[in-house]
Each structure stands twice: as C-alpha cells, then as structure tokens.
Amino acid sequence: MVKQSNAFTPVPGLGLVPNLKGQALLGFEKAKGPPSNVIFEIEEIEEGSKFTFPYKDGTRTVQLQRILFRSRGVVGRGTIVVRVVCACTHCVPNQCDWSGKKLVLKLSFPSVTRVSEKAFMDRCKEQAKGKHAGIPNHFPDIYWSFGIPFDERRLQAYFKERFGDEYEMRVLQGSIQEELRPLLSLETALECAQVFYDIVQCHHWVYTYPQILHRDINYGNIMVRVKDGKKYGALNDWDLAMWLDERDGILTSQFRTGTRPYMAHEQHSPDWEGPHRYRHDMESLFYVILLLATLFSNSSEKDHEHSKKRQPYTKWFTQGDDFLLDKKISIILDLLWRPFPTHFFSAFHQWLQSLQQCLYDGFTAYKYFVKRQTDNPHQVLHFNDDTLGGHFSYDRLVWIMHQFSEETLETHGCEWQKKLRGLQKDEDERKK
Ligand SMILES: [Zn+2]
C-alpha cells in the first residue's frame, strides 16, 4: 500500500526519504548468496492507489492504474512498471505537460553508483542529430526520473555488515516514461522480424556513437513504439547499461547481469570473468528469437501442444545456471542443430539456423585459437573476441537479418544501407 499523504520525509542531505516503517511497500527476499545474486522485489504496490515522488522543488503525484510488468529472477534488482495517469489538480491540456500522454511509472533498485537510465538516454538524444535523427524512435522517452535512498536501517545495513565493501548500496530509482507496447502486440511474424532487426541496428548505433552497452537483452525489453501509424522496435530498460570506457574498472560480479533465460551462455559459468562484450547481447537476442519462435504459436499466445512435443524450452524459465549453460552449449556447439519454430513463426527458421551457424563458427574458431596459443606459448596470436573472429559481428547479423523470408526489411540510416551494398557485392563475388 502506498500512502499518498506523508509518504516522504525530508532528510538533510538525502532529500525525500520514503516512510517505510509500518508499511508493506517494500519487501525483500533473504540473502541466499553473494550480494550480486540478491533479488530485490517490490512486494506490494496497489492498483488504484496514488504514488508521490520528488519533483523539482516539491513533489508530484500519479494514480496507479495497471501493473504492466514485474520482474522475476532478474539478478541484482527488481523492476516494476505500472501504467499511471497524472493526478495533478489542473490536469487538462495546455496546463499540464503530462496530460493526454500514455505514462508509466517504473521503479527499480539499482546500486547507488549505477548511472541512471535517463542519463544514458540523454546522451543518446544529444548525439541523435542530422543523419541520426530517427534513432530516438528506438529508445524509451523518459519524462522525469528520481532516486530515493531507501530503508538502509533494515536489509541494506545487514548486507553491508555481512559483505562489506563488496555489497553495493541500493537506491530506489523511479521514472515516468512514455508507455511502449509489448512484443506481444505485434500481429505478424514479419512485424516481429522488423522489430528484431531494428534492435540490432539500434544496439549497434548506441555501441558505436554514445558508446553504451545495454547488457540486458530480453523478451521484455524489446518493445514497440507506434508513431504516425508506423511501428518501431524500441530497446527499453537501460538500468543495467554501462559506458564502454568504464568497462575495465567493473568487478566480475557486476558483469554477471541480465535475465537468466536470455543471458549469453558464458555468463552462466562460475569461471567467466567478463568483460561483457556486444556479442553477449547479440547472443541474448538469439535466445529471445529462439524462445519466442519455439514457444509461441502467434505473438500473443503460447502453443502448449507444440512446446510439449518439441523442445523443453519452458524449463529455461525455471532452472538454474548449470542447466542453462549446458543447454546453451549443446545448441551452439551442435553442427547438426535445427530449430523447431511453431507454424506462426516458421519463417524464423532461416534466421535461427544462420545465427546458430555464426555462433558455432565463432566458438569453433575460438577453440582452435586457444589450442594454437597453447601449442605455441611463445607466439602472441590474435583473436577478435568482440566478434568471435568476425563470425558473430554486427555485420554478420545485419547481413542475415536485413531479409526475412522473401521480404527485404527496412534498414535505417545511410551507413548500414551503404554497408549492405558492399556486403551484397562480396556475396555476389563469392557466388561467381
Ligand atoms: Zn497533470
């Protein structure tokens, strides 16, 4: 229950702090493992009630309407997304900047040192000019963001005492954003394909220009923006993102982030020490497409018969790291692997097969590289780890994904259009 009145107390140096004593707003799982594996959950947030948060010099209130998303099993934080409407007293057009907008309130628990989602998006907006002007269609539009230090006396103090400096202090991070549509809202496999292709192009742009790595590609973060009747793939939720130039200073425990069924296979291994590379996000995208195309008969309903008969992918949502590592390796390193998409998603067969082939080639090349390096310890051999020796690169993905079934998808920006013409030439040469 979120009490509207007296929900916050001003604390010198901290701003407004939520009054949690005696309220059941926030509840947390007990610490079962190291701090990075603590899962934070918001236990109770009621539809219909009001939520007040710090806004400029005072506070602002929204009315909670419907819970759209509640994260489960996300390592290191919990997220809740609620559809809201502005609850100001003068909420009419021209008087309130949020009137008539589709709004969501998003709450999560990043560590206090984490860069806010809004800071990443602001940098993207700054750079999305000129020939990049269409790029913001592929990002969330964040209207307001706020951070509130929370209940440090309780659980945080316990963790800090138990784990010392290794424990990252957390903050309740909130924002008001434009509501995007879920992947489920799409009507055809072709629309889904365009959205996935948009995501690759957007991911590449962010990696290349503002130099940000998303690090949590999952089914729920790939969303749809409808603007002037056109649908755009939008990469949502930048809470786990990081600046590329800060990657070297990051602890291994902080590399192990993401949403389990979609995490790159190496991240499930206790021996993995990072760093998180862009190809890990692209491997996640492969799992997003694989699970969607195998488990759903159309984008809005699960095909139970099919999933029973074919692949036991449903277990991916309940099992732990050992299981997922084993399953993912057995897909990547199987030369004869075949996907079994449902009838609705049958056209994804080609993409899945080609993407798996890239991963297979990449990890086979990597194994060969390791063997050669071991055999010749005095020679310094080079292997491009970002792209698995060029086998699993943005170029390869764009080449595979710019076409879907018999259709040519929309490639945004002259940069990729030019590159595709070059790749086409190479391909034609190869065929001669
Ligand atoms: Zn208003």
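Criteria and thresholds
- Residues numbered from 1 in each chain as written.
- Predicted model: local features only at pLDDT ≥ 70, side-chain atom pairs only at ≥ 80, totals over all residues.
- Heavy atoms only, no water.
- Buried < 20%, exposed > 50% of the residue type's maximum accessible area, 1.4 Å probe, protein only.
- Helix = DSSP H or I, 4+ residues; strand = E, 2+ residues; numbered from the N terminus.
- Arc of directions from axis to C-beta.
- Donors = N, O, S within 2.8 Å, 3.2 Å for Na, K, Ca; no water.
- Tetrahedral: all angles 85-135°; square planar, octahedral: opposite > 155°, others 65-115°.
- Core = buried A, V, L, I, M, F, W, Y, C linked by side-chain atoms within 4.5 Å.
- Contact = heavy atoms within 4.5 Å.
- Polar contact = N/O pair within 3.5 Å; in protein donor to acceptor, adjacent residues only side chain to side chain.
- Pairing = 2+ DSSP bridges.
- pLDDT = per-residue confidence, 0-100.
- Expected span 1.5 Å × (residues − 1).
- Phe/Tyr/Trp six-rings, centres within 6.5 Å; stacked < 30°, edge-to-face > 60°.

### Some words on helix α1 (residues 117-127)
Then, in step 1: Residues of α1 that are buried: E117, F120, M121 and C124. Angularly, the buried residues of α1 cover 95° about the axis, an arc narrow enough to put them on a single face.

### Focus: the coordination of the zinc ion
Then, in step 1: Binding of the zinc ion to the protein goes through C86 (SG), C88 (SG), C91 (SG) and C96 (SG), at separations of 2.2 to 2.4 Å.
Then, in step 2: Viewed at the metal, the four donor atoms of the zinc ion are separated by angles of 103 to 116°, and the geometry they form is tetrahedral.
Then, in step 3: Classification of C86 as buried rests on a relative accessible area of 11%.
Then, in step 4: The class of C91 is partly exposed, set by a relative accessible area of 27%.

### Overview of the nonpolar core
Then, in step 1: In terms of nonpolar packing, the biggest core is built from 77 residues, with F196, F348, W351 and M401 touching the most fellow members.
Then, in step 2: Sequence-distant contacts of M401, that is, excluding residues within four places in its chain, are made with F196, Y197, V200, L285, I289, W351 and L409.
Then, in step 3: Membership of the second largest hydrophobic core comes to 20 residues, among which are F51, C96, W98 and L172.

### Describing the side chain of H276
Then, in step 1: Relative to the helices and strands, H276 resides in the loop between α4 (252-255) and α5 (278-295).
Then, in step 2: Side chain to side chain, H276 and Q267 meet in a polar contact 3.5 Å long.

### Topic: the pairing of strand β13 (residues 222-227)
Then, in step 1: With two bridges connecting them, strand β11 (residues 181-182) and β13 associate as antiparallel partners. Paired with P182 across the two strands is M223, which belongs to β13.
Then, in step 2: Of the strand pairs in this sheet, β13 and strand β14 (residues 230-235) are connected by six bridges, and their pairing is antiparallel. Bridge assignment links V224 to a residue of β14, and that residue is G233.

### Some words on the confidence of the model for the protein
Then, in step 1: Across the protein, the average pLDDT comes to 82, with 78% of residues at or above 70.
Then, in step 2: Note on residues 1-41: pLDDT is under 50 here. Beyond four places in sequence and across chains, it has 92 contacts.

### Regarding helix α7 (residues 321-332)
A turn of α-helix holds 3.6 residues, and therefore any two residues three or four places apart point the same way.
Then, in step 1: Across its 12 residues, α7 extends 16 Å between first and last C-alpha, which sits within 8% of the 16 Å expected from 1.5 Å per residue.
Then, in step 2: Inspection of α7 places L324, L325, K328, I331 and I332 among the buried residues, and these make up the whole buried set. Seen from one end, α7 has its buried residues packed into an arc of 130°, which puts them on one side.
Then, in step 3: Tucked into the core, α7 has its buried residues touching α5 and α8 (349-375).

### Points about the packing of aromatic side chains
Then, in step 1: Inspection of every chain in the model, using the stated rule, returns 28 aromatic pairs.
Then, in step 2: Seen from their ring centres, F139 and W238 are 5.8 Å apart, and the 75° between their planes marks the pair as edge-to-face. Remark: W238 occurs in the loop between β14 and β15 (242-243) and F139 occurs in the loop between α1 and β9 (142-149); sequence separation between them is 99 residues. The burial state of F139 is the same as that of W238; both residues are buried.
Then, in step 3: Ring geometry for F196 and F348: centres 6.0 Å apart, planes at 75°, overall edge-to-face. With a gap of 152 residues between them, F196 in helix α3 (residues 189-208) and F348 in the loop between α7 and α8 connect regions that are remote in the sequence. Accessibility assignment for this pair places F196 and F348 in one class, buried.
Then, in step 4: Ring pairs connect the aromatic residues F51, F53, Y55, W98, W144 and F146, which therefore count as one cluster.

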